[in-house]
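The chain contents come next:
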Amino acid sequence: MNKQDVLQWLDRHQQEFTRISDAIWEHPELGYREFFASHQQAEYLASQGFHVTHDVAGMSTAFIAEWGSGKPVIGFAGEFDALGGLSQKSQPEQEPVVPDGPGHGCGHNLLGVGCLAAAVGLKQWLSTERVSGTVRYYGCPAEEGGAGKTFMQRAGLFNDLDVAFNFHPSSLTFASKGSDVGVNHMRFRFHGKTAHAGGAPHLGRSALDAVELMNVGVNYLREHVTGDVRLHYVITDGGRAPNIVPDRAEVWYYIRAHDPKNLVHVTERVRKVARGSAMMTETEMEEIFESATSSTLPNGVLADLQYEQMKLVGDITYTEAELEFARKVHEQLGFTPEQALKRLESFQLKPEWRAMAAELVHQPIIGKVLPSLDEGHIGGGSTDVGDLSRTVPCSMLWTTCYAAGSPGHSWAVTAFGATSVGHKGMMHAAKTMALAAIECVLQPDLIQQAWAEFRSVQPEPYVNPIPADVFPPRYQPETNVL
Ligand SMILES: [Zn+2]
Ligand SMILES: [Zn+2]
């Protein structure tokens with residue numbers, strides 16, 4: 001079975017993959033509660049001969065599906081969680097299926113099934129060629145605002161991998177050499193004394209005052225941190241009514257930094273501000289550390305390998321109907337294709353991009369295979385792929401699954417998730433990752449080179465960022481979900 005045979009095999013089975021992806025799109029579920037999605041994927045992998053272990057690392061929707069034996073051990077990390085409030089019909093005008101309901105506004109239905117298809121493609125090749133190797137698909141919950149992979153990492157589930165692959169839907173198609181920031185998800189809850197706010201305010205100690213003073217303190221701290229640091233918050237409990245001194249208030253923080261040590265350092269400074277505001281207001285501060293993820297460690301050896309495979313798979317092309325769908329989405333979003341390309345500059349792509357963009361300017365969807373344009377760029381977002389990528393060499397691939405410049409976490413991304421445009425991006429990623437994994441089996445040197453780079457860019461041992469006494473939340477499936 002040569003590489004072209006693998007590509008054809010994946011093409012012949014495309015309908016099975018799009019069926020699962022569309023089913024997950026139609027049943028969007030929030031993090032740690034992806035019972036339907038987890039079941040759909042695990043059941044399919046079991047039908048393909050994979051051995052499935054459910055409920056791993058303390059998360060009911062996390063699972064591992066494994067096929068084969070011996071070295072190398074190649075992992076594909078899939079996701080399947082949706083986002084709240086991003087319900088959207090598969091159409092180019094904004095209209096939710098369920099008002100304020102969840103939706104796949106980050107395309108994780110495509111992400112998970114793309115990785116699953118790559119795993120199945122690799123299994124097909126290994127079994128036909130009778131070559132040694134283990135394929136492992138990780139069903140990873142709660143990437144959005146959670147940390148499924150980070151909990152899986154802490155449980156040691158990635159420790160024996162040789163390499164890992166992951167892909168994410170995007171506006172462009174390239175293998176990433178960029179990085180991002182790690183994050184700590186923390187709540188600070190203050191406990192004060194209630195009183196009648198008009199009649200006896202001197203008897204009250206306001207927990208809301210503590211929250212507000214903490215935010216003021218953090219906003220001054222913002223001036224004296226490195227440029228990569230991001231500090232953002234929402235007040236999740238600010239009291240009941242103005243005439244009651246709030247005895248309880250809570251603020252929810254995301255604290256982000258690129259360097260893991262700096263993240264620990266900045267978090268300690270935020271804690272000092274929280275303690276200070278408790279002291280000022282004579283309230284008690286309670287810290288709730290929910291989860292954390294580390295910044296990603298790109299791997300140039302694997303990214304270059306993926307680029308070579310992407311060129312074999314070829315550019316993604318679109319029908320007139322698909323382009324028309326994208327033009328309508330652009331109209332709704334209020335920008336032209338030129339402006340859409342401008343928006344992509346937030347990726348801080350390398351200078352070569354400008355010349356490429358000039359050629360692509362009239363295309364509302366860009367399916368061209370591009371080199372790794374984000375080398376050296378540190379984005380402001382976070383993903384739990386970071387903790388996988390700090391344990392084992394990992395390659396993160398972007399493929400085009402929606403109109404150029406569509407905002408991440410938007411109705412537009414949900415709208416494309418069950419269309420042929422989304423399916424094409426998903427299959428392109430599956431093919432690229434399957435071929436790259438085959439090369440890793442055929443050329444063990446590649447794995448050694450990837451590890452040499454991995455060790456040189458992360459000389460100090462990686463430390464999982466989640467404290468030992470913090471565990472993921474557990475939910476029960478609603479009836480009739482499976
Ligand atoms: Zn997202
Ligand atoms: Zn995402």
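Residues numbered from 1 in each chain as written. Chains lettered and ligands numbered in written order. Predicted model: local features only at pLDDT ≥ 70, side-chain atom pairs only at ≥ 80, totals over all residues. Heavy atoms only, no water.

1. Focus on the packing of aromatic side chains
Then, in step 1: Tallying each qualifying case throughout the model produces 10 aromatic pairs.
Then, in step 2: On the basis of an interplanar angle of 40° and a centroid distance of 5.8 Å, the ring pair of Phe 63 and Tyr 137 is categorised as tilted. Within this pair, whereas Phe 63 is found in strand S2 (residues 63-69), its partner Tyr 137 is found in strand S4 (residues 133-140), the two being separated by 74 residues in sequence.
Then, in step 3: When the centroid spacing of 5.0 Å and the interplanar angle of 65° are considered together, the rings of Phe 325 and Phe 416 count as edge-to-face. Linking Phe 325 in helix H9 (residues 320-333) with Phe 416 in helix H13 (residues 411-416), this pair joins segments that are 91 residues apart in sequence.
Then, in step 4: For Phe 416, a relative accessible area of 0% gives the class buried.
Then, in step 5: Of the aromatic side chains, those joined through ring pairs into one cluster are Phe 63, Phe 80 and Tyr 137.
Then, in step 6: Note that Arg 33 overlies the ring of Tyr 475, its terminal NZ or CZ placed 4.1 Å from the centroid.
Then, in step 7: Looking at Arg 187, its charged tip hangs above the ring of Trp 252, at a distance of 4.2 Å from the centre. (Phe/Tyr/Trp six-rings, centres within 6.5 Å; stacked < 30°, edge-to-face > 60°. Helix = DSSP H or I, 4+ residues; strand = E, 2+ residues; numbered from the N terminus. Buried < 20%, exposed > 50% of the residue type's maximum accessible area, 1.4 Å probe, protein only. Lys NZ or Arg CZ within 6 Å of the ring centre and 35° of its normal.)

2. Considerations on the domain arrangement of the chain
Then, in step 1: On domain assignment, one finds that the chain holds domain 1 (3-179 + 295-457) and domain 2 (182-292).
Then, in step 2: Of note, the centres of domain 1 and domain 2, computed from C-alpha atoms alone, are 36 Å apart.
Then, in step 3: Tallying the contact residues gives 13 residues for domain 1 and 11 residues for domain 2.
Then, in step 4: Between domain 1 and domain 2, the buried area comes to about 860 Å², and carbon and sulfur atoms account for 53% of it.
Then, in step 5: On inspection of domain 1 and its partner domain 2, the count reaches four residue pairs in polar contact (both at pLDDT 80 or more).
Then, in step 6: Taken together, the residues of the side of domain 1 that touches domain 2 break down into three nonpolar, eight polar and two charged. (Domains from an automatic or database assignment. Contact = heavy atoms within 4.5 Å. Buried area = accessible area lost by both parts, 1.4 Å probe. Polar contact = N/O pair within 3.5 Å; in protein donor to acceptor, adjacent residues only side chain to side chain. Nonpolar A, V, L, I, M, F, W, Y, C, P; charged D, E, K, R; others polar.)

3. Some words on the packing of helix H2 (residues 14-26) against helix H4 (residues 108-129)
Then, in step 1: Running from N to C, H2 and H4 cross one another at 155°; their axes reach a closest spacing of 9 Å. When the axis of H2 is compared with that of H4, the two are roughly antiparallel. For the pair H2 and H4, the sense of crossing is right-handed. The residues of H4 that touch H2, namely those facing Phe 17, Ile 20, Ser 21, Ile 24 and Trp 25, are Asn 109, Leu 110, Val 113, Leu 116, Ala 117 and Val 120. (Axes fitted to C-alpha atoms, helices over the stretch in contact; angles between N-to-C directions. Parallel < 35°, antiparallel > 145°, perpendicular 65-115°, else oblique. Left-handed = near helix turned anticlockwise from the far one by under 90°.)

4. Points about the coordination of the zinc ion (ligand 1)
Then, in step 1: Protein coordination at the zinc ion (ligand 1): the donors are Cys 106 (SG), Glu 144 (OE), Glu 144 (OE) and His 409 (NE2), at 2.0 to 2.7 Å from the metal.
Then, in step 2: In this model, the zinc ion (ligand 1) sits 3.1 Å from the zinc ion (ligand 2), the two metals being bridged by Cys 106. Of this pair, Cys 106 sits in the loop between strand S3 (73-79) and H4 while Glu 144 sits in the loop between S4 and helix H5 (148-154); the two residues are 38 residues apart in sequence, bridging distant segments of the chain.
Then, in step 3: Look at Cys 106 and you get buried, because its relative accessible area is 14%. (Donors = N, O, S within 2.8 Å, 3.2 Å for Na, K, Ca; no water.)

5. Considerations on the sheet that holds S3
Then, in step 1: Spatial strand order, S1-S2-S4-S3-S5-S11-S6: seven strands in an open sheet with mixed pairing. Looking along the sheet, the strands with just one partner apiece sit at the ends: strand S1 (51-54) and strand S6 (174-175).
Then, in step 2: Sheet analysis places S2 next to S4, joined by seven bridges and oriented antiparallel. Paired with Glu 66 across the bridge in S4 is Arg 136.
Then, in step 3: Sheet contacts for H4: S2, S3, S4 and strand S5 (163-170); angle to S3, the most-contacted strand, approximately 155°. (Pairing = 2+ DSSP bridges.)

6. Details of the environment of Lys 177
Then, in step 1: The residue Lys 177 is located in the loop between S6 and strand S7 (182-191) in this model.
Then, in step 2: The class for Lys 177 is buried, based on a relative accessible area of 17%.
Then, in step 3: Sequence spacing of Lys 177 and Ser 389 is 212 residues, and the spatial spacing of their C-alpha atoms is 12 Å.
Then, in step 4: Apart from the residues lying within four places of it in its own chain, the contact partners of Lys 177 are Pro 298, Gly 300, Ala 303, Asp 304, Ser 372, Asp 374, Glu 375 and Gly 376.
Then, in step 5: A distance of 2.8 Å separates the side chain of Lys 177 from the side chain of Asp 304, its partner in a polar contact.

7. Thoughts on the coordination of the zinc ion (ligand 2)
Then, in step 1: Listed as protein donors to the zinc ion (ligand 2) are Cys 106 (SG), His 108 (NE2) and His 168 (NE2); their distances from the metal cover 2.0 to 2.3 Å.
Then, in step 2: For the zinc ion (ligand 2), all donor residues lie on one chain, and their spacing in sequence is C-x1-H-x59-H.

8. A look at the pairing of S3
Then, in step 1: Counting buried positions along S3 yields seven of seven residues, so the element is predominantly enclosed.
Then, in step 2: Along S3, one buried face is formed by Val 73, Gly 75, Ala 77 and Glu 79 and the opposite face, lined by Ile 74, Phe 76 and Gly 78, is buried too.
Then, in step 3: Two elements, S3 and S4, share seven bridges in a ladder whose sense is parallel. Note that in S4 the partner of Gly 78 across the bridge is Gly 139.
Then, in step 4: The handedness of the S3 to S4 crossover, carried by H4, is right-handed.
Then, in step 5: The pairing of S3 with S5 spans three bridges and is classified as parallel. Residue pairing in the sheet places Gly 75 in a bridge with Ala 164 of S5. (Right-handed = clockwise from strand over helix to strand, strands pointing away.)

9. Here we look at the nonpolar core
Then, in step 1: Ranked by size, the top nonpolar core spans 126 residues in total, and within it Phe 17, Phe 76, Leu 122 and Met 214 carry the most contacts.
Then, in step 2: In terms of residue count, the dominant contributor to this core is helix H14 (residues 420-442) (13 residues).
Then, in step 3: Composition of this core by domain shows at least three residues from each of domain 1 (3-179 + 295-457) and domain 2 (182-292).
Then, in step 4: Those residues in contact with Phe 76 that lie beyond four places of it in its chain are Cys 115, Ala 118, Ala 119, Leu 122, Val 135, Arg 136, Tyr 137, Tyr 138, Phe 165, Met 433 and Ala 437.
Then, in step 5: Core analysis: the next-biggest nonpolar cluster, separate from the first, contains 17 residues, Leu 344, Met 356, Leu 373 and Trp 398 among them. (Core = buried A, V, L, I, M, F, W, Y, C linked by side-chain atoms within 4.5 Å.)

10. What to know about the sheet that holds strand S10 (residues 284-293)
Then, in step 1: Sheet architecture is open: four strands sit in the order S8-S9-S7-S10, paired in antiparallel fashion. The outermost strands of the open sheet, each flanked by one partner alone, are strand S8 (230-237) and S10. Within this sheet the neighbouring strands show an average axis-to-axis angle of 20°, counted without direction.
Then, in step 2: Strands in contact with helix H6 (residues 207-221) are S7, S8 and strand S9 (248-257); relative to S9, the strand with the most contacts, it is inclined by about 20°.
Then, in step 3: Packed onto the sheet, helix H7 (residues 260-281) meets S7, S8, S9 and S10 and runs at close to 10° relative to S7.

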